[in-house]
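# Secondary and tertiary structure notes
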Amino acid sequence: GTGFIIDREGYILTNNHVVEGADIIKVTLQNDKEYEAQLIGSDPKTDIALIKIKSGETTSFPFLSMGDSNHVEVGEWVVAIGNPFGLDHTVTTGVVSAKGRNIGAGPYDEFIQTDASINPGNSGGPLLNMNGDVIGINTAIYSGSGGNVGIGFALPINMAKDILDDLKQKGKVTRGWLGVMIQRITPELQESFKLENSQGALVNDIVPNGPAYLGGMKRGDVITRFDDVEISSMETLPKQVASIKPGESVKVEVIREGVTKVLNIKIEPMKEEKPA
């Protein structure tokens, strides 16, 4: 796998699947120096992990600057650097093919798609813009053969920046939780609920005594706005809910039996999932 240094102290961003379950993590730099590293924090939901080089010496590491992935544009040139098939520090180029891709990898999918060659071993490496700023973390490929076919995916760097403090301080990410199960509004459901369009997220179930339940939300409600953000599709809602700090109250606009209602809901922390 691959990673990239983000500050002088030797903190490194990579993918969670690169370091998950590892007993020992070793980092090799381009100058062939090898260091042991420790896992500082990880977030399986976004597949992001933060590790830190254990250095006995007083070392100031060279590092990459993190850019702003919100300003990435389709068609702009990008560079990927990584360790494909063990070929370390391989550089490939391409363009941003698309933004906001949902590939079913997790609840917060918002991948940058690129045709820069990404292969097994590139995971966790940087996707750079032409200024040399990191705009993404190379994470996944679409391939029938296991090799590159020109469709690679990078996590937007802003997603990592948003959770960096949590990973450093707590080793995990605390997210907001609404307590609903939602589904996409199909043309059939749009007609059945007499909706003007297919935007929003349909609530098909509510967790008993969860935030939505206590806030008066009902099964069959269509969530159209959350904390003054328009919910254009079902996929938009989990990202918005997760960004709210637990304990905060937000206004949630719903359509119920053709009537628009505004609910005030106090967000709770997302519970940790326990394996069965």
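The following refers to the structure shown. The shown structure was predicted, so the numbers you read here are calculated from the model rather than taken from an experiment.

### Topic: the overall build of the protein
- Looking only at helices and strands, one finds five helices and 19 strands in the protein.
- Taken along the three principal axes of its C-alpha coordinates, the protein extends 65 × 40 × 35 Å.
- Looking at the 276 residues of the protein, the share that counts as buried comes to 44%.
- Looking at the protein alone, contacts between residues at least 24 apart form 56% of all its contacts between residues at least 6 apart.
- As displayed, the protein has an accessible area near 14700 Å², and 47% of this comes from carbon and sulfur atoms.
- For the protein, the distance from the average position of its 26 positive side-chain charges to the average position of its 36 negative side-chain charges is 6 Å.

### Describing the sheet that holds strand β5 (residues 48–54)
- The strand order across the open sheet built from five strands is β1-β2-β5-β4-β3, with neighbouring strands paired in antiparallel fashion. Pairing within the sheet leaves two strands with one partner each, and these edge strands are β1 (3–5) and β3 (25–28). Strand-to-strand twist across the sheet, computed as the mean angle between neighbouring axes with direction ignored, equals 35°.
- Summarising the sheet, β1 and strand β2 (residues 11–15) pair through three bridges and their orientation is antiparallel. In the sheet register, Gly 3 faces β2, and the bridge partner there is Thr 14.

### Focus: the pairing of strand β8 (residues 111–114)
- Side chains Phe 111 and Gln 113 project from β8 onto one buried face, and the interleaved Ile 112 and Thr 114 project onto a second face that is buried too.
- Where strand β7 (residues 90–101) lies against β8, three bridges are found, and the strand directions are antiparallel. If you follow Ala 98 over to β8, its bridge partner there is Gln 113.
- Sheet analysis places β8 next to strand β11 (residues 152–156), joined by three bridges and oriented antiparallel. Within the sheet, the bridge partner assigned to Gln 113 lies in β11 and is Phe 153.

### Some remarks on the sheet that holds strand β10 (residues 134–141)
- Strand order in this closed barrel of six strands is β6-β7-β8-β11-β10-β9, and the pairing throughout is antiparallel. Neighbour to neighbour, the strand axes of the sheet diverge by 45° on average, direction disregarded.
- Note that strand β9 (residues 126–128) and β10 share three bridges and pair antiparallel. Opposite Pro 126, over in β10, you have Ile 137 as the bridge partner.
- Contacting β10 and β11, helix α2 (residues 157–170) crosses the sheet at an angle of about 35° to β11.

### Notes on the side chain of Asp 166
- Inspection of the secondary structure puts Asp 166 in helix α2.
- Owing to a relative accessible area of 18%, Asp 166 belongs among the buried residues under this scheme.
- Side-chain polar atoms of Asp 166 contact the backbone nitrogen of Thr 174, separated by 3.3 Å.
- Excluding residues that lie within four positions of it along the chain, Asp 166 makes contacts with Gly 171, Lys 172, Val 173 and Thr 174.

### A few points about unusual backbone geometry
- Of note in the backbone geometry, His 89 takes a positive phi value of approximately 55° without being a glycine.
- Assignment of secondary structure puts His 89 in the loop between β6 (77–82) and β7.
- For His 89, a relative accessible area of 34% translates into the label partly exposed.
- Although it is not a glycine, Asp 227 sits at a positive phi angle of roughly 55°.
- Structurally, Asp 227 is set in the loop between β15 (222–226) and β16 (229–230).
- Take Asp 227: its relative accessible area is 36%, and that puts it in the partly exposed class.

Quick notes on the rules
Residues numbered from 1 in each chain as written. Predicted model: local features only at pLDDT ≥ 70, side-chain atom pairs only at ≥ 80, totals over all residues. Heavy atoms only, no water. Helix = DSSP H or I, 4+ residues; strand = E, 2+ residues; numbered from the N terminus. Buried < 20%, exposed > 50% of the residue type's maximum accessible area, 1.4 Å probe, protein only. Contact = heavy atoms within 4.5 Å. Areas by Shrake-Rupley, 256 points an atom, 1.4 Å probe, with all protein chains shown as cover. Lys, Arg positive; Asp, Glu negative; His and termini not counted. Charge placed at Lys NZ, Arg CZ, Asp CG, Glu CD. Pairing = 2+ DSSP bridges. Axes fitted to C-alpha atoms, helices over the stretch in contact; angles between N-to-C directions. Polar contact = N/O pair within 3.5 Å; in protein donor to acceptor, adjacent residues only side chain to side chain.

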